[in-house]
Amino acid sequence: MVDNGGVLEMTREEFEELVAEALDRIPPELTRLMDNVAVFVEDEPPSDDPELLGLYEGTPLTDRGEWYAGVLPDRITVYRGPTLRMCESRDDVVAETEITVVHEVAHHFGIDDERLHALGYG
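In this text, all values refer to a predicted model and were calculated from it rather than measured experimentally.

A separate point is the side chain of His107. Tracing the chain through its elements places His107 in helix 4 (residues 90-108). Reaching out from His107, the side chain makes a polar contact with the backbone oxygen of Ile111 at a distance of 2.9 Å. Those residues in contact with His107 that sit more than four places away from it in its chain are Tyr56, Pro60, Asp112, Asp113 and Leu116.

Turning our eyes to something else, we now look at helix 1 (residues 12-24). For helix 1, with 13 residues, the first-to-last C-alpha span of 18 Å sits near the 18 Å given by 1.5 Å per residue. Listed in full, the buried residues belonging to helix 1 are Phe15, Leu18, Val19 and Ala22. All buried residues of helix 1 project into a common sector of 100° when viewed along the axis, lining one side. Helix 1 presents Glu13 and Asp24 as exposed residues on the side facing more than 90 degrees away from its buried surface.

Another aspect to go through is the packing of aromatic side chains. Evaluation of the coordinates by the stated rule reveals 1 aromatic pair. Residues Trp67 and Tyr68 carry aromatic rings whose centres are separated by 5.6 Å and whose planes lie at 80° to one another, so their mutual orientation is edge-to-face. Residue classification places Trp67 among the exposed residues on the basis of a relative accessible area of 52%. Against the face of Phe40 rests Arg75, its NZ or CZ located 4.0 Å from the ring centre.

Turning our attention to the sheet that holds strand 3 (residues 37-42). With mixed pairing, 3 strands are arranged side by side in an open sheet as 3-5-4. Either end of the sheet is taken by a strand with one partner, and the two such strands are strand 3 and strand 4 (54-57). Strand-to-strand twist of the sheet, defined as the mean angle between neighbouring strand axes without regard to direction, takes the value 15°. Of the pairings in the sheet, the one linking strand 3 to strand 5 (residues 74-79) comprises 6 bridges and is parallel in character. Considered in strand 5, the bridge of Phe40 is made with Thr77. Contacting strand 3 and strand 5, helix 1 runs over the sheet at an angle of about 150° to strand 3.

For the coordinates displayed, the defined rule picks out 8 salt bridges. A salt bridge links Arg64 to Asp74, with the shortest nitrogen-to-oxygen separation between them at 2.7 Å. Separated by 10 residues along the polypeptide, Arg64 in the loop between strand 4 and strand 5 and Asp74 in strand 5 bring together distant segments of the chain. Judged on exposure class, the residue Arg64 and its partner Asp74 are both buried. Bridged by salt links that share partners, the residues Arg12, Glu16, Asp43 and Arg80 form one connected network.

Here we come to the confidence of the model for the chain. Averaged over all residues, the pLDDT of the chain is 91; the fraction at 70 or higher stands at 95%. Element-level pLDDT for the chain is lowest in strand 1 (residues 3-4), with a mean of 46, against a maximum mean of 98 in strand 5.

A word on unusual backbone geometry. Phi is mostly negative for residues that are not glycine, and the peptide bonds are mostly trans. Residue Asn36 is not a glycine yet carries a positive backbone phi of 55°. Here Asn36 shows up in the loop between helix 2 (28-31) and strand 3.

Conventions we followed
- Residues numbered from 1 in each chain as written.
- Predicted model: local features only at pLDDT ≥ 70, side-chain atom pairs only at ≥ 80, totals over all residues.
- Heavy atoms only, no water.
- Helix = DSSP H or I, 4+ residues; strand = E, 2+ residues; numbered from the N terminus.
- Polar contact = N/O pair within 3.5 Å; in protein donor to acceptor, adjacent residues only side chain to side chain.
- Contact = heavy atoms within 4.5 Å.
- Expected span 1.5 Å × (residues − 1).
- Buried < 20%, exposed > 50% of the residue type's maximum accessible area, 1.4 Å probe, protein only.
- Arc of directions from axis to C-beta.
- Phe/Tyr/Trp six-rings, centres within 6.5 Å; stacked < 30°, edge-to-face > 60°.
- Lys NZ or Arg CZ within 6 Å of the ring centre and 35° of its normal.
- Pairing = 2+ DSSP bridges.
- Axes fitted to C-alpha atoms, helices over the stretch in contact; angles between N-to-C directions.
- Salt bridge = Lys/Arg side-chain N within 4 Å of Asp/Glu carboxyl O.
- pLDDT = per-residue confidence, 0-100.

Right under this line is the structure:
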């Protein structure tokens, strides 16, 4: 990683490793409960939300009922570009990536943004 005029650079592979490490830090008793969810890294978010760091798409565990079968996995996406643009150091990237991963995993568990902000994962 190098400083490039105020914007940090980190390869996609390095960033994917940070996302994997953040997932590994989630307590095993919670990761065992995660069901039918996949995590992805993309370089940039949708153009209508260029500062978006992460996105959860799917049906939270708390909303799944008897009808929930044979559906595609929920999708958690972490965006590399906006994370690198907002951070000043590698340590900042590590911390922000962990917050983003926990935030999106929490959505999988049915925790809303208001509660996440109150818990410091805004």
